[in-house]
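# What the coordinates show
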Amino acid sequence: MDLTKIKYIPDRYYIRLDGFDMGNLNVFANDATFSLQQAIYIHEYYHYLTNVTTFFGAREFNVAFQDKVRLITRLTKKAGLDAFPINTNTLESCKSDIEYWKSIDELIELDDIDYNFMQKCHDNGSNRIDIIRYQKRHIPMAVQVGSETIRGAHLYYTFDVRGVKNAQSFRLSDGAIDEFLNASIDEFLFQHDLADNCDVLRSQPYFPYRAFDEIIRYFKVSDDMESKYKIIIAYFALHAFNPIDCLVSTLLAIKKKGVKAFEQNPEQFLLSLLKGNELSLYADMLKYEKTYVDESLQAGRKNLADTMTLIYEKQYSSYKLLSRDFFYFIRPFLVDDIDSQQGRQEFLRLFNNIRTSIGEPILVQNRQMYGADTDTYKNHLAFQIASYEIIDSLTVNRIVKRIEGRKLKYSYPVETADCDKIGNLPEITPDNPLTETWHVALNDLGLYGLYIDYQKQQQSKNS
């Protein structure tokens, strides 16, 4: 099985499962001994959980999708098609929106994995990182809220290293901590014989998948920490307002108070480190989302509102579960007697409870989307994936078009060939309502009417 064909796509809420036996999703063994495929699915599912259950995930969705949708609609109202492509827009009327767009991209890049360092580790054949020091850094940033510009800074850490050719440091990021969690889950499944042939860490790049161990060693917390403790530390950090700051401060607290104090009751230890506003900040973020859902409905963009509502409801369910049990989403890995058959069955029960509570992302196999809403043509998450593709296209194109590489990865449930060709856009009438996901997304982003007018202009010129 080619594991590179099984991947969760952040913020798009779908998992590519090419080469995966779909039946494996419904036949987890009763004694919780999984196949390699099922273990890989658990890994990808936890990426999905990070997206929908954490403040970090909600913030990423807000800036990468919700705020960019707002900006697209604002830019089209200000300048029409002349607003695009975004990366060459120098219009004075669009200046503040373009600056905010660029700041969003900077934030998303900072939150992502340091792929440059990852590649250099791979090129060098590095299988050990020698960390020598770390530094806290701040990047000035501005956020646009309505007509007000709020200025601040984005905090992040760099770790200086020795032994990696052409690389002096790596950037710790929220995305790296997400992989720390999932790599620790892989390790847990392998160490406890929960998944046959599941030593996937050997096939993964050293950075970021095993860098967590190096960071733990650097802070002199442990030379060989048990996987369940690594899971709970990474999970705790991801649920903080700033995951990277939380991870560093947590490791420093464990070092100061002692590993034994932490391992005696890790939940109580970590809860004592809470600042008290983690869930309230998450709730505020959800209120912001709900406001946008209401605005979208008032503007007649029902499909956008439906998609936002679907995600909001998953996030709100997560918030309520976290309010009752902060560690709810990693309960399977905290089962005391995990090596007994009873413990394995409890692991399976708890994991299936999570899947029932939060549901599944869209599953994509051989370009087909499973679980998209083909009956109503709203297509919910498929609509969101189309919107992302449109947004990404407008960054470099004046007239939107489907991105070639993504055509090879998925097809929308009701699309016809060349749905993105402007000359193929039909007029919207009562007898000819929009049904194709791509066209519906164009319409809700405020582009469909512009393109119809552009199409007519081109036809007039040609005639």
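Numbering of residues starts from 1 in each chain and follows the order in which that chain's sequence is written. Where local features are concerned, this predicted model is filtered to residues with pLDDT of at least 70; where side-chain atom pairs are given and counted, the filter is 80 or more; whole-chain, interface and lining totals use all residues. For side-chain calculations, the full set of non-hydrogen atoms in the structure is used, while hydrogens and water are omitted.

### Section: the overall build of the protein chain
Filter applied, for reference: Put simply, DSSP H or I for four residues or longer makes a helix, DSSP E for two residues or longer makes a strand, and each gets a number counted from the N terminus. This radius of gyration counts C-alpha atoms alone. The globule rule is 2.2 Å times how many residues there are, raised to the power 0.38. Residue exposure ignores everything except the shown protein chains as possible cover, and the areas themselves are Shrake-Rupley values with a 1.4 Å probe. Under the counting rule used here, the positive set is Lys and Arg, the negative set is Asp and Glu, and His together with the chain ends is not counted. The atom standing in for a charge is NZ when the residue is Lys, CZ when it is Arg, CG when it is Asp and CD when it is Glu.
For the protein chain, the count of helices and strands is 18 helices and 7 strands. In summary, the protein chain has a C-alpha radius of gyration of 23 Å against a globular reference of 23 Å for 463 residues, a match within 12%. With the C-alpha coordinates of the protein chain rotated into their principal frame, the extents come out at 80 × 50 × 45 Å. As presented, the protein chain carries roughly 20800 Å² of accessible surface, and 47% of it is formed by carbon and sulfur atoms. Taken together, the 54 basic and 64 acidic charged side chains of the protein chain have centroids lying 5 Å from each other.

### Some words on the sheet that holds strand β7 (residues 368-370)
Basically, it comes down to this: Only when DSSP finds a minimum of two bridges between them are two strands counted as paired. Working convention: axes come from line fits to C-alpha atoms, limited for helices to the stretch in contact. Angles between N-to-C directions cover 0 to 180 degrees. Throughout, a contact is declared for two residues whenever any of their heavy atoms are within 4.5 Å.
A sheet is described by the order of its strands in space; here 4 strands give the open sequence β1-β2-β6-β7, paired in mixed fashion. Here the strands that pair on one side only, and so sit at the sheet edges, are β1 (6-9) and β7. Geometrically, the sheet is characterised by an average inter-axis angle of 25° between neighbouring strands, direction not taken into account. With 4 bridges joining them, β1 and strand β2 (residues 14-17) adopt antiparallel strand pairing. Paired with I9 across the bridge in β2 is Y14. Here helix α1 (residues 36-53) sits on the sheet and contacts β1, β2 and β6 (362-365); the angle it forms with β1, its principal contact strand, is near 5°.

### Overview of the nonpolar core
Rules: The definition of a nonpolar core used throughout is a set of buried Ala, Val, Leu, Ile, Met, Phe, Trp, Tyr and Cys residues joined through side-chain atoms within 4.5 Å. Burial here depends on accessible area, computed with a 1.4 Å probe over protein chains only, as a share of the maximum for the residue type. Under 20% is buried, over 50% is exposed, and the range in between is partly exposed.
Counting 153 residues, the largest nonpolar core has L172, F180, L189 and Y451 as the members making the most contacts within it. The dominant element in this core, judged by the number of residues it contributes, is helix α2 (residues 55-79), at 12 residues. Sequence-distant contacts of Y451, that is, excluding residues within four places in its chain, are made with L81, L394, R398, I399, V400, I422, L425 and L442.

### Things to note about the packing of helix α5 (residues 174-191) against helix α8 (residues 227-238)
Our working rule: Should an angle fall under 35 degrees it is taken as roughly parallel, and over 145 as roughly antiparallel, whereas 65 to 115 is taken as roughly perpendicular and any remaining angle as oblique. Should the near helix be turned anticlockwise from the far one by less than a right angle, the crossing is termed left-handed; should it be turned clockwise, right-handed. The nonpolar class holds Ala, Val, Leu, Ile, Met, Phe, Trp, Tyr, Cys and Pro. Asp, Glu, Lys and Arg form the charged class, and all remaining residues, Gly among them, are polar.
One can describe the packing of α5 onto α8 by two numbers: an axis separation of 8 Å at closest approach and a directional angle of 155°. Comparing their axes, α8 and α5 come out roughly antiparallel. As for the relative orientation of α5 and α8, their crossing is left-handed in sense. Between α5, through D174, I177, D178, F180, L181, S184, I185, E187, F188 and Q191, and α8, the contact on the second element is made entirely by S227, K228, K230, I231, A234, Y235, A237 and L238. Tallied by class, the residues present in the contact of α5 with α8 amount to 10 nonpolar, 3 polar and 5 charged.

### Some details on the environment of D174
Under the convention used in this document: Whenever two N or O atoms come within 3.5 Å, that pair is a polar contact, provided that in protein one can donate a hydrogen and the other can accept it, and provided that, for residues adjacent in sequence, both atoms are side-chain atoms.
Following the sequence through the fold, D174 ends up in helix α5. Placed 64 residues apart in sequence, D174 and L110 show a C-alpha to C-alpha distance of 8.2 Å. Look past the residues within four positions of D174 in its chain and what remains in contact with it is F56, R59, D111, L238, P243 and I244. Side chain to side chain, D174 and R59 meet in a polar contact 3.4 Å long.

### A word on helix α15 (residues 380-396)
Defined as follows: Here a helix's expected span is defined as the number of its residues, less one, multiplied by 1.5 Å.
Helix length check: α15, at 17 residues, gives a terminal C-alpha distance of 26 Å against a target of 24 Å (1.5 Å per residue), a fit within 8%. Among the 17 residues that make up α15, 14 are buried, leaving the element largely enclosed by the rest of the structure.

### Let's talk about the side chain of T54
With respect to the helices, strands and loops of the structure, T54 is situated in the loop between α1 and α2. Accessibility expressed as a relative area gives 2% for T54, which makes it buried. Within the structure, T54 has its side chain in polar contact with the backbone oxygen of T50 (distance 2.6 Å). A polar contact is formed between the side chain of T54 and the backbone nitrogen of G57, at a distance of 2.8 Å.

### Focus on α1
Here α1 spans 25 Å end to end across 18 residues, near enough to the 26 Å set by a 1.5 Å rise per residue. Of all 18 residues in α1, 17 are buried, a share of seventy percent or more.

### As for the pattern of salt bridges
The criterion, for reference: One side-chain nitrogen of Lys or Arg within 4 Å of one carboxyl oxygen of Asp or Glu is enough to make a salt bridge.
Overall, the coordinates contain 26 salt bridges when judged by the stated rule. We note a salt bridge from E60 to R59, for which the minimum N-O separation is 3.4 Å. Judged by its relative accessible area of 7%, E60 falls in the buried class. Note on R59: relative accessible area 14%, which makes it buried.

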